[in-house]
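# Structural features, examined
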Amino acid sequence: MKRYKFLLFFLLFSISYSAWGENTEIIEHTSPSYVDLQNYDLKFDGSKNDEKILNSIFSSIESGSIISIPYIKNSELPSYYSPLGTDKKSSLLINYNNKLRNISALDSIDGFPKIQFDANGVLSYKKSVSKNDKSIVPNIWIEYYNNHTSPKGERPDHINFVLMGHTGESSGYQANNSHSSGDMINLQNVLRSMGRSGWSAFDINNYNFMYRYGTNWVWNSVQQLDELGNTPIHTTDKAFNDSSDTEEWVQEWDLSGFGPEAACSFYNPSCGYRTGFLFNAWLSGGGYNEKWKPKHQYKLGDAINVKLNEKYYSFIVIKPGISNDLEPIWNKSYDVVGCDPLYPNSNTAHATLIDAGNHLLETCQGYKNKHDNPLHDGSVEWSFNSPMGLEISNFIRLSQSKSQDIKYGTFLSSDATFYNAIIDFSEAHFYSALAYNVFIRSKPDTYIDFSAQATKETQNIHLLGYDSENKSLSYKFNNISIFKIKDEGGVVLKHMTRKNIKNLKGSEEGEIIFDITDHVPVIFLNGRWKKMSFSDDM
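Quick caveat: nothing in here was measured; it's all calculated off a predicted structure.

## As for helix 3 (residues 364-371)
- Those residues of helix 3 not exposed but buried are Cys364, Tyr367 and Lys368. Viewed along the axis of helix 3, the buried residues span an arc of 105°, placing them on a single side of the element. Facing away from the buried surface of helix 3 by more than 90 degrees, the exposed residues are Asn369 and Lys370.

## Overview of the environment of isoleucine 501
- Here isoleucine 501 is to be found in helix 4 (residues 498-502).
- Put simply, isoleucine 501 and valine 522 are 21 residues apart on the chain and 9.1 Å apart in space, counted from C-alpha to C-alpha.
- Isoleucine 501 has contacts with Met496, Ile513, Phe514, Asp515, Val522 and Trp529, leaving out every residue within four places of it along the chain.

## Quick notes on the pattern of salt bridges
- Scanning all chains against the criterion turns up 10 salt bridges.
- Note that aspartate 41 and lysine 43 form a salt bridge whose closest N and O atoms lie 3.5 Å from each other.
- Residue aspartate 405 pairs with lysine 407 through a salt bridge whose shortest N-O separation is 2.6 Å. With respect to burial, aspartate 405 and lysine 407 carry one shared label: exposed.
- When salt bridges with common partners are traced through the structure, they connect Arg498, Asp518 and Lys531 into a single cluster.

## Brief notes about the sheet that holds strand 13 (residues 380-387)
- Read from one edge of the open sheet, four strands run 7-8-13-12, paired in antiparallel fashion. Two strands lie at the open edges of the sheet, namely strand 7 (303-308) and strand 12 (375-377), each paired on one side alone. Averaged over all pairs of adjacent strands, the angle between their axes in this sheet comes to 40°, without regard to strand direction.
- Alignment of strand 7 against strand 8 (residues 311-319), held across six bridges, turns out to be antiparallel. Of the residues in strand 8, the one forming a bridge with valine 306 is tyrosine 313.

## Observations concerning the environment of serine 323
- In this structure, serine 323 sits in the loop between strand 9 (321-322) and strand 10 (339-340).
- Spatially, the C-alpha atoms of serine 323 and lysine 293 are 7.3 Å apart, while their sequence positions differ by 30 residues.
- Setting aside residues no more than four positions away along its own chain, serine 323 makes contact with Trp292, Lys293, Pro294, Lys295, His296, Tyr298, Asp377, Gly378 and Val380.
- For serine 323, the side chain forms a polar contact with the main-chain oxygen of lysine 293, separated by 2.6 Å.

## Overview of the pairing of strand 21 (residues 520-525)
- Burial of strand 21 is extensive: five of the six residues sit out of reach of the surface.
- Alignment of strand 20 (residues 512-515) against strand 21, held across four bridges, turns out to be antiparallel. In the sheet register, isoleucine 513 faces strand 21, and the bridge partner there is valine 522.
- By the bridge criterion, four bridges tie strand 21 to strand 22 (residues 528-531) in an arrangement that is antiparallel. Bridge pairing in strand 22 places leucine 525 opposite arginine 528.
- Between the end of strand 21 and the start of strand 22, which pair antiparallel, lie two residues, with asparagine 526 showing a positive phi angle near 50°.

## Comments concerning the packing of aromatic side chains
- On inspection of all chains with the given rule, the structure shows 15 aromatic pairs.
- Seen from their ring centres, tyrosine 207 and phenylalanine 209 are 5.2 Å apart, and the 15° between their planes marks the pair as stacked.
- Looking at tyrosine 207, the relative accessible area reads 55%, which means it is exposed.
- By relative accessible area, phenylalanine 209 is classed as exposed at 55%.
- Three or more aromatic residues joined by ring pairs make a cluster, and in this case those are Tyr298, Tyr313, Phe315, Trp330, Trp382 and Phe384.

## Describing the sheet that holds strand 21
- Spatially, four strands are ordered 19-20-21-22 in an open sheet, and the strand pairing comes out mixed. Since the sheet does not close on itself, it has two edges, and those belong to strand 19 (495-496) and strand 22, each with one partner.

## Topic: the nonpolar core
- Residues Tyr298, Ile304, Phe315, Trp330 and Trp382 are the most contacted members of the largest nonpolar core, which totals 13 residues.
- Every element with two or more residues in this core is listed here: strand 7, strand 8 and strand 13.
- Those residues in contact with tryptophan 382 that lie beyond four places of it in its chain are Trp292, Tyr298, Asp302, Ile304, Phe315, Ile316, Val317, Ile318, Trp330, Pro374, Leu375 and Asp377.
- Within the second largest apolar cluster, nine residues are counted, among which are Phe44, Ile53, Leu54 and Ile57.

## Observations concerning the confidence of the model for the chain
- Looking at the chain, the pLDDT average stands at 79 and 72% of residues meet or exceed 70.
- Element-level mean pLDDT values for the chain span from 37 in helix 1 (residues 4-21) up to 98 in strand 9.
- Counted against residues more than four places away or in other chains, residues 84-103, with its pLDDT under 50, gives 92 contacts.

## As for the state of the cysteines
- One pass over the full model with this rule turns up one disulfide.
- One disulfide bridge connects cysteine 264 with cysteine 271, the sulfur atoms lying 1.9 Å from each other. The sign of the S-S torsion, about 130°, decides the handedness of the disulfide formed by cysteine 264 and cysteine 271: right-handed.
- The exposure class of cysteine 271 is partly exposed, given its relative accessible area of 21%.

About the cut-offs
- Residues numbered from 1 in each chain as written.
- Predicted model: local features only at pLDDT ≥ 70, side-chain atom pairs only at ≥ 80, totals over all residues.
- Heavy atoms only, no water.
- Buried < 20%, exposed > 50% of the residue type's maximum accessible area, 1.4 Å probe, protein only.
- Helix = DSSP H or I, 4+ residues; strand = E, 2+ residues; numbered from the N terminus.
- Arc of directions from axis to C-beta.
- Contact = heavy atoms within 4.5 Å.
- Salt bridge = Lys/Arg side-chain N within 4 Å of Asp/Glu carboxyl O.
- Pairing = 2+ DSSP bridges.
- Axes fitted to C-alpha atoms, helices over the stretch in contact; angles between N-to-C directions.
- Polar contact = N/O pair within 3.5 Å; in protein donor to acceptor, adjacent residues only side chain to side chain.
- Phe/Tyr/Trp six-rings, centres within 6.5 Å; stacked < 30°, edge-to-face > 60°.
- Core = buried A, V, L, I, M, F, W, Y, C linked by side-chain atoms within 4.5 Å.
- pLDDT = per-residue confidence, 0-100.
- Disulfide = S-S within 2.5 Å.

The structure is reproduced here in structure tokens:
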């Protein structure tokens, strides 16, 4: 494994960690030994000779020693190297490429890392960057390769790094456990952003970067909280008779600060300075930004971006080789059927080749032999791959196990103060081929509540929604339909008796109600209700 400087660092980190894990007593040295690996006959070529020398060095060093590592590009350590003789070693201090012989001076040396255990067994690591450009590399690099093929039916978890903490007892279910006081933080990332470079320097406290090349299912980040206790949240434990005021948050984001926002954000949220959550997307993969090259050695799975009729498409190599002198004439008809070896009787481009009786109609390979139409380009074969675009079906999706009794109270809620619209899609764009630009879509008999005030008494008073029983868009007040628009196009007004109409308070000029006593609509004009006249039947 080659990782030159980072791998050397990780080796020495492992040495220190080994000593720390033994929980040995820290031995104070007024004159700790100094070891400069550059003075030994080390080739850093991964050889057995290097392994022998390194074992000898680390067997002889004392606690509190300084180890200086030369910077050697493309360094290689012996395979599966595990240094000997590091037991009961602690307070090891490590620095790179520097003739340092004084421990206290290391704090002021630019660009060189310091690893040390103090008298309390606390591991400290420091590195500064101000003048030495060579030091602008990762402080810690830990790399793990999963090239494991499991036997059928096995699915082991491969975990690169685990950080585990415990509050209270490490096992068991203890009542009134007093051994967990204060706040427990398992991992804390602290970044002090004090630079004054503006847009030319971005400070990012936590960056998860994931690359997907294959077909594994992927999650860039998973936040999971499991309730494993036997008592419902915020109730009295019936077994141990102690109460709980527990509350839970799977994730919380907080922002503190002061000062106004951009004036334009009062009508255009995207022009503001602060954003609580931003989801962005762009094109990658599929040969994006890759153009066809003449006399080029293409590998299997290489892809390029091709422009056809003012639109861009991805074409993929299905047979490796060297391309021609002249660019071929591209066409989407040059298409090849995909076959999944796990499902040989189906394919990715067409319907399953099995009939309703589960009888095989045709193998995927047989279908390929009939319908594959690759584009020949020298010794390379291309296939149409996909339009060069990106579609994302869901941004936020709420889901649950369908076989369990799980309910949600509210999807989105707020008690905040707003100075613009709560939801603003005034800048949204729609795909031109859509029949309708729909803002929100819901099931029948789902209503919008217009007058709730976060109390049970004010819920479901003024409702607007589609009534599937009456096949109409209905506006209801206290569960009584005030106004309906039928599917056929008819408009239905509220029905009231003549007596109730006359007793109405606060009627407005031009208000219309259907008088169910006389079976006639009435209108409020000049302070009085008047019947509306009609001609003969149609």
